[in-house]
Amino acid sequence: MHEFSIAMNIIEIAEEEARKAEASKITSLTLDVGMMAGIEFYALDTAMEMAVKDTMLEKADVNVNKITAIARCTQCHHEFQISEITDPCPKCNSLFSDVISGKEMKISSITVEQ
């Protein structure tokens, strides 16, 4: 389960930012995770629940915003929502497209307490 190592990295980054702000704890954390980021959301939620024990995030409210995957057709340049990388363009049926959103994974906000 690579989601556990991802959870540990998220905690490490969040705690580093909290220490920079001279905070004693993190009260909330918001993540933006794309639907095509290769993450199992249930596994990430479970990993975060286990990984926050004895950290600054132990009592934090952790929210995950799921970012819709959008592709742009390389043939007709139409932008469309995808659920699989192999989804054809609904306008011209081309199988070739570039994913322009939905692969990201980032911490979008951290709320700390002094």
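This text gives an overview of the structure that appears in the document. (Residues numbered from 1 in each chain as written. Predicted model: local features only at pLDDT ≥ 70, side-chain atom pairs only at ≥ 80, totals over all residues. Heavy atoms only, no water.)

### Re the packing of aromatic side chains
We count it as follows: For this analysis, a ring pair means two rings from Phe, Tyr or Trp (six-membered ring only for Trp) whose centres lie within 6.5 Å, classed as stacked if their planes differ by under 30 degrees, edge-to-face if by over 60, and tilted for the remaining angles. Throughout this description, the term charge over a ring refers to an Arg CZ or Lys NZ atom that lies within 6 Å of the ring centre and within 35 degrees of the ring normal.
Enumeration according to the criterion identifies zero aromatic pairs in this entry. Positioned above the aromatic ring of Phe-41, the side-chain terminus of Lys-66 is 4.8 Å from the ring centre.

### Some words on unusual backbone geometry
Excluding glycine, a negative phi dihedral is what most residues carry, and trans is how most peptide bonds are arranged. How we decide: The secondary structure listing takes helices from DSSP runs of H or I that are at least 4 residues long and strands from runs of E that are at least 2 residues long, numbered from the N terminus. Partly exposed residues are those whose accessible area sits between 20% and 50% of the maximum for their type, while under 20% is buried and over 50% is exposed, using a 1.4 Å probe and protein chains only.
The backbone phi angle of His-77 is positive, close to 70 degrees, even though this residue is not glycine. Residue placement: His-77 occurs in the loop between β3 (70–73) and β4 (79–81). His-77 gets classed as exposed once you look at its relative accessible area, which sits at 53%. Even without a glycine there, the phi angle at Asn-93 is positive, about 65 degrees. Within the fold, Asn-93 resides in the loop between β4 and β5 (97–101). Judged by its relative accessible area of 57%, Asn-93 falls in the exposed class.

### A short note on the pattern of salt bridges
Put simply, the rule is: Salt bridges, as used here, are contacts in which a Lys or Arg side-chain nitrogen is within 4 Å of a carboxyl oxygen on Asp or Glu.
This model, assessed by the stated rule, comprises four salt bridges. One salt bridge in this structure joins Lys-20 and Glu-16, with 3.9 Å as the shortest N-O distance. Here the residue Lys-20 and the residue Glu-16 both occupy positions in helix α1 (residues 2–20), the gap between them amounting to four residues, near one helical turn. Residue classification places Lys-20 among the exposed positions, given a relative accessible area of 56%. Close ionic contact of Glu-79 with Arg-72 constitutes a salt bridge, the shortest N to O distance being 2.7 Å. Owing to a relative accessible area of 41%, Glu-79 belongs among the partly exposed residues under this scheme. Taking the relative accessible area as the measure of exposure, Arg-72 reaches 32% and is therefore partly exposed. Here the residues in one salt-bridge network are Glu-16, Glu-17 and Lys-20, joined through shared partners.

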